[in-house]
Each structure stands twice: as C-alpha cells, then as structure tokens.
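Overview (structure and organization)
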Amino acid sequence: MALNITRGKQPKAQKIVVYGVEGIGKTTLASQFPDPLFIDTEGGTSHMDVARAEPPKTWAALLQAVDEVRATRPCSTLVVDTADWAERLCAAHVCQREGKASIEDFGYGKGYVKMAEEFGRLLDKLTELTDAGICVLLLAHSEVRKFEEPNEAGAYDRWELKLSKSGQKKIAPLVKEWADAVLFLNYKQIVENVAKDGQAPKLKARGGKRVIYATHHACWDAKNRWGMPDESPLAFESIRPYLPEVAPAPVAPAAPPAPQPAAPAQPAVAGPGQTVTFGQGGPTVAPTAEPAAPALPAKWSKVAQLCAADGIDPSEIAAASVMLGNFTADTPMENYPEDYLGFVASSWGAFKAHVARLREQAEPVPFDRDYKQPEGKE
C-alpha cells in the first residue's frame, strides 16, 4: 500500500481550553471569538448579549446539543461554559446508570475512571466539530493545589484546572492532551519593597494587570502549538493571529432518492390481501391499504435508529420502561421526555438486555408498575 505523503501546514479549526480565576473574564473573552454559540451549563452568560443554546440539565442533553451543532452548523465557534459544571452532569449520569448514590460509592477510584471514559465521549464529539470546521472553546475554573516535586524537599502552590477530586485527577489530563492550546488567565501583580533606607524590608503588591499565560510554568498548566508568547494581554487580539480562517463545512444536502425500476405488469387478479383498482390504463392490483401506525416525534429518532439496527420495535422499549417502573402503561410514547430518550440511547446495551428478557418470558409483555421478575430470571 502506497503512503500518501503531504507537506506544509494544514489549517483546521482549533480545540482551545481557557481557564482562570473567578471573574477574570473567561466568558467575555469567549464572546469575542468568531460567531460564538454558548452551551451554558452554569448560567454565566445571562448578563451578555450572546447566542446560547438551552442549558442542558442532563449529560444526555449536553451530548445531544453537541450532536445538533454538528448536524446544523449554526456557528463558527462552540463554547462550552464550563467544563467543571459539565463534569458534574457526567458524574450524575454515571451514578444513575450504575445505581450509585455518589461517585465515591464505587470505591478505589473506579467511579472516576468511569467518569473519564464517559467524558471522553464528549471530547470525541467536540473533535468531530473541529473536523467540520467549527472552533471549540472549553472554559473552566481554576483552583490552587499543593504540588510536590519528587526530587525537591519542599512543596509549593500551583494553579490547575478545577476538574475532579484532588488525588483522582482523571479528566483534567485528558482535557489537556485533547486541546491544541491550554490558556491560563490571571492577574499579574508586582511585588516591591517600599521600606525606606535602613528599615527592614516591607513588601507591597501593586498592579493587577490581566494577562494570558500560554506556556507551562511551575505555578500553572498551559501550552499552545502556535508559537504564542509566554505572556500576552488578556484580549482576543492576542489570540486572533493564531486562529486559521476556517469556515464551517456546509451541511451536506440530502441525496435524491434513486429511481426505482418499473414493476412488471401484474395480472388483474386479486389475491389475499389485495385490491383490484380500475382506471384509464386498465385494471391494476395493489395490496390492500392498512391504517398506518402513528409516527413517533423527532425526539425518538436516535432510539428508533438503534431499534432498526437491532431488530427491536420501539414499543418494546416502552414495555421495558414500564417494567422498570419509569412510566405507567397508559403513558403515550410521544410523551416520553427527550432527556429520558437520551438516557435510553446512552444505555442501549442495558435496554437491549431488558427487551431480550421480555421476549424470553412465556406470558404477555407486562404493562403493570407492580410487575415482579419471575423467580429464576436475572
């Protein structure tokens, strides 16, 4: 197999992480990026005139919002504000899926491993956005942690992403590796000796200039692949020269349906389930029309696709939901919440198993909240 070798820079949309102390202007900086759309998980944009999607209340809703942006291309920059609040949704989802009250209930740090695996799904979806030409900006808060070098006698404080519990840092390294740039925002203060001659040193801090740190330091995490200076003023103009001009890829138009070959002439003899129709072209035979089942709303589309792929009828998912006690038998399928259907899609393996168990049972599919699993069935 011949290698396809290329040279030169390849302009592409960037994956950027911006974190910093509270109130320094992370959201304001993000609003200056080209045509931004905010997925505001914590409500930090309510005082700003920006485009925002409906705040996701669940992890499934957040993933669906990213999928919708990829499908419709409504912006040039997608801003997730903030990563640490998105992590809270991820933790709640993992606990609900595994039947745990807290991420600590897993023991031995297993809960944080599961969280990192789930958070990786979000990063994969965001990467698909950059492949489509949409810049992704992931905002996060910062916190100070005690850091000890293995070969040093003492410890010192350093700024890090405010993700996961101290000692269980699984998601923060994943996010830093994923990003093209990790930018740390902070106030630069100057400490000077204000003591008069002959007096003991007296130190005083002054200033408070807001800056962007773009390279790694002993006191903070940062990186960039652009050649950005170690320190720059906190303004979008400091970042603009390093962002390539990449327009979002247009949504591909739907392919026209392929022409169907003409059906061979059929004899005008009606068989079982058929009807003869007499027209100008002569008698024709067609299957007797049956009343069509009501179509499910668009929010069922993802689950319906999974059902079609695995030979499952959506009504069997409704039966499993009733068996689990999530809904009553008289709840119409079109009234199922979108967040719940997102949970079904993300837990598809478990729901397939519930449907398989229902099919194995000799009695009809139960539609009663008080249904109990027969003895001997798992």
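Quick caveat: nothing in here was measured; it's all calculated off a predicted structure.

1. Describing the overall build of the chain
Helix and strand counts for the chain stand at nine helices and 12 strands. Partitioning the intrachain contacts of the chain with sequence separation of at least 6 by distance along the chain shows that 62% fall at a separation of at least 24. Approximately 22300 Å² of the chain is accessible, and the part contributed by carbon and sulfur atoms is 53%.

2. With respect to the pattern of salt bridges
Summed over the entire model, instances satisfying the criterion amount to 16 salt bridges. Note that R121 and E118 form a salt bridge whose closest N and O atoms lie 2.6 Å from each other. Of the two residues, R121 and E118 are both situated in helix 4 (residues 110-131); the distance of three residues between them amounts to about one turn of the helix. Note that E160 and R158 form a salt bridge whose closest N and O atoms lie 3.4 Å from each other. Assigned by exposure class, E160 and R158 land together as buried.

3. Some remarks on helix 8 (residues 338-346)
For helix 8, the complete set of buried residues consists of Y340, L341, G342, F343, V344 and A345. On its buried face, helix 8 is in contact with helix 2 (59-72), helix 3 (83-98), helix 6 (301-310), helix 7 (314-323) and helix 9 (348-360).

4. Examining helix 5 (residues 171-178)
Looking only at helix 5, the buried set comprises I171, A172, V175 and W178. When helix 5 is viewed along its axis, its buried side chains cluster within an angular range of 130° and face the same direction. Against the buried residues of helix 5 lie strand 1 (15-20), helix 3, helix 4, strand 5 (135-148) and strand 6 (155-161).

5. Looking at unusual backbone geometry
For the bond from D81 to T82, the omega torsion is 10°, close enough to zero to count as cis. Structurally, T82 can be placed in the loop between strand 4 (77-81) and helix 3. The phi dihedral of D35 falls on the positive side, at around 45°, and the residue is not glycine. Take D35: it is sitting in the loop between helix 1 (26-31) and strand 2 (36-40).

6. Comments concerning the pairing of strand 2
Among the five residues in strand 2, five count as buried, and that is most of the element. Neither face of strand 2 is left uncovered, since the one carrying P36, F38 and D40 and the one carrying L37 and I39 both have all their residues buried. Pairing geometry for strand 2 and strand 4, over five bridges, is parallel. Following the sheet pairing, L37 is matched in strand 4 by L78.

7. Overview of the nonpolar core
Counting 47 residues, the largest nonpolar core has L78, F119, L126, L138 and V175 as the members making the most contacts within it. When residues no more than four places from it in sequence are discounted, the contact partners of L78 are L37, I39, V69, L126, L129, I134, C135, V136 and L137. Ranked by size, the runner-up nonpolar core spans 25 residues in total, among them F33, V50, V79 and C135.

8. Considering the pairing of strand 1
Burial analysis of strand 1 places six of its six residues in the buried class, which makes it a mostly covered element. Neither face of strand 1 is open: one carries K15, V17 and Y19, the other I16, V18 and G20, and all of them are buried. With six bridges connecting them, strand 1 and strand 5 associate as parallel partners. Within strand 5, the residue paired with V18 across the bridge is L139.

9. So, the state of the cysteines
Summed over the entire model, instances satisfying the criterion amount to zero disulfides. Between C90, a free cysteine, and C95, which holds the nearest cysteine sulfur, the sulfur-to-sulfur gap is 9.5 Å.

10. A closer look at a negative patch on the surface
Judged by side-chain charge, E54, E68, E338 and D339 come together as a negatively charged surface patch. Of note, D339 is situated in helix 8. Under the relative-accessibility criterion, D339 is labelled partly exposed at 32%.

11. Focus: the side chain of K26
By secondary structure assignment, the location of K26 is in helix 1. Although K26 is buried, it forms no salt bridge, and the closest oppositely charged side chain is E22 at an N-O distance of 6.5 Å. One polar contact links the side chain of K26 to the main-chain carbonyl oxygen of G20, over a distance of 3.5 Å. A polar side-chain atom of K26 sits 3.2 Å from the main-chain carbonyl oxygen of V21. Among all residues touching K26, those that are not within four sequence positions of it are V18, Y19, G20, V21, L139, A140, H141 and L185.

12. Things to note about the environment of E316
For E316, the position within the fold is in helix 7. Here the alpha-carbon distance between E316 and K352, two residues 36 residues apart in the chain, equals 9.5 Å. Once residues lying within four places of it in the same chain are set aside, the contact partners of E316 are V355, L358 and R359.

13. What to know about the packing of aromatic side chains
In this structure the tally under the stated criterion is 15 aromatic pairs. With 6.2 Å between their ring centres and 45° between their planes, Y340 and F343 make a pair best called tilted. Residue Y340 and its partner F343 are both found in helix 8; the two are separated by three residues, about one turn of the helix. Comparing Y340 with F343 shows no difference in burial state: the two are buried. Chaining the aromatic ring pairs together yields one cluster made of W300, F327, Y336, Y340, F343 and F351. Taking the ring centre of W85 as reference, the NZ or CZ of R88 above it sits at 4.3 Å. Cation over ring: K100 sits above F106, and NZ or CZ is 5.7 Å from the ring centre.

Reading the values: the criteria
Residues numbered from 1 in each chain as written. Predicted model: local features only at pLDDT ≥ 70, side-chain atom pairs only at ≥ 80, totals over all residues. Heavy atoms only, no water. Helix = DSSP H or I, 4+ residues; strand = E, 2+ residues; numbered from the N terminus. Contact = heavy atoms within 4.5 Å. Areas by Shrake-Rupley, 256 points an atom, 1.4 Å probe, with all protein chains shown as cover. Salt bridge = Lys/Arg side-chain N within 4 Å of Asp/Glu carboxyl O. Buried < 20%, exposed > 50% of the residue type's maximum accessible area, 1.4 Å probe, protein only. Arc of directions from axis to C-beta. Pairing = 2+ DSSP bridges. Core = buried A, V, L, I, M, F, W, Y, C linked by side-chain atoms within 4.5 Å. Disulfide = S-S within 2.5 Å. Patch = residues over 30% accessible without salt bridge, like charges linked within 9 Å, V, L, I, M, F, W, Y side chains within 5 Å. Lys, Arg positive; Asp, Glu negative; His and termini not counted. Charge placed at Lys NZ, Arg CZ, Asp CG, Glu CD. Polar contact = N/O pair within 3.5 Å; in protein donor to acceptor, adjacent residues only side chain to side chain. Phe/Tyr/Trp six-rings, centres within 6.5 Å; stacked < 30°, edge-to-face > 60°. Lys NZ or Arg CZ within 6 Å of the ring centre and 35° of its normal.

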